[in-house]
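Observations on chain architecture
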Amino acid sequence: MGHSGKRVSGPTVGRLSLYRRLLNVLRDEGVSHVFSRQLAAMAGRTAAQVRRDLMVVGYSGSPGRGYDVARLLASLREFLDTPGGQNVALVGVGNLGKALLSYFAGRRPNLRIVAAFDIDPGKANRVINGCRCYSSQRLAEMLAAKGIRVAIIAVPAAAAQDIADRLTACGVRGILNFAPVRLRVPPGVHVEDLDMIVSLEKAAYFARQGGPRTGEAADA
Ligand code: ATP
């Protein structure tokens, strides 16, 4: 739910996040105003959809000048972020988990990975890529201590459901799941699945076929 109290769909939140990334690029290039059709072209959407999405954040541009980039970014920040940011946990500090730690380090001040967990005693009690790593036995204790409600699962498939159960029992309400399993979670918990191997295999498949058939890319 955003600051306005309105419930918005997952795809809308995803598009708002994408618009913010694109607007950050424009701001860094010194662009002060942007029209919905320009943002739409960058995002691969229609101008009508961009306008509809952005109405949700409560800022409308001027018909003559478009959106003020800085003001729109401020509105998106207010809508998408929590004041003070949110703490995130990572479970599974293997190759993928380590890559995620270094990718996120300092990149999203509003979403900080503040604790990592692993079953491997060789990884516990160490700082790995800038993040303190704990034994997974300390999951409940550390999630409570750091007020964590968002977590990333990067353990092997066989361990993922157990980790999801433990995370949700500790109050986690949003999970980014990299394990190739469909997680069962209590109502009210949002799971976002991301399987990079499936995505790469799809890209490779369509590369061999000469690209997806018309209309297939959009509903992939
Ligand atoms: P590495 O070779 O460094 O272990 P990997 O990416 O090949 O990396 P995976 O087998 O995918 O390793 O496991 C990812 C990580 O998840 C490993 O660090 C592993 O120790 C950890 N892990 C496995 N099971 C659990 C569990 N139940 N709880 C927490 N961490 C776990």
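Calculation criteria
- Residues numbered from 1 in each chain as written.
- Predicted model: local features only at pLDDT ≥ 70, side-chain atom pairs only at ≥ 80, totals over all residues.
- Heavy atoms only, no water.
- Salt bridge = Lys/Arg side-chain N within 4 Å of Asp/Glu carboxyl O.
- Helix = DSSP H or I, 4+ residues; strand = E, 2+ residues; numbered from the N terminus.
- Buried < 20%, exposed > 50% of the residue type's maximum accessible area, 1.4 Å probe, protein only.
- Near = heavy atom within 4 Å.
- Polar contact = N/O pair within 3.5 Å; in protein donor to acceptor, adjacent residues only side chain to side chain.
- Areas by Shrake-Rupley, 256 points an atom, 1.4 Å probe, with all protein chains shown as cover.
- Nonpolar A, V, L, I, M, F, W, Y, C, P; charged D, E, K, R; others polar.
- Contact = heavy atoms within 4.5 Å.

Quick look at the pattern of salt bridges
Applying the stated criterion across every chain, the model contains five salt bridges. Among the salt bridges present, the one from aspartate 53 reaches arginine 15, with a minimum N-O distance of 2.7 Å. Taken together, the residues span a long stretch of sequence, with aspartate 53 in helix α3 (residues 47-55) and arginine 15 in helix α1 (residues 10-28) at a distance of 38 residues. As far as the burial class goes, aspartate 53 and arginine 15 line up, both buried. For arginine 20, the salt bridge identified is with aspartate 81, shortest N-O distance 3.0 Å. Of this pair, arginine 20 sits in helix α1 while aspartate 81 sits in the loop between α4 (69-80) and β3 (86-91), and the two are 61 residues apart along the sequence. Arginine 20 sits in the buried class, given a relative accessible area of 15%.

Brief notes about the site of the ligand
Residues in close proximity to the ligand total 15 residues, the closest being Gly94, Asn95, Asp118, Ile119 and Lys123. In this structure, an oxygen atom belonging to the ligand sits 3.0 Å away from a main-chain N or O atom of asparagine 95. The separation between an oxygen atom of the ligand and a polar side-chain atom of aspartate 118 is 2.6 Å. Contact with the protein chains hides 65% of the accessible area of the ligand, taken as 610 Å² for the molecule alone. Residue classes in the shell around the ligand are distributed as eight nonpolar, four polar and three charged.

Details of the side chain of asparagine 110
Looking at where asparagine 110 falls in the secondary structure, it is placed in the loop between α5 (95-104) and β4 (111-118). Among residues more than four places away in sequence, those in contact with asparagine 110 are Arg20, Asp81, Gly85 and Gln86.

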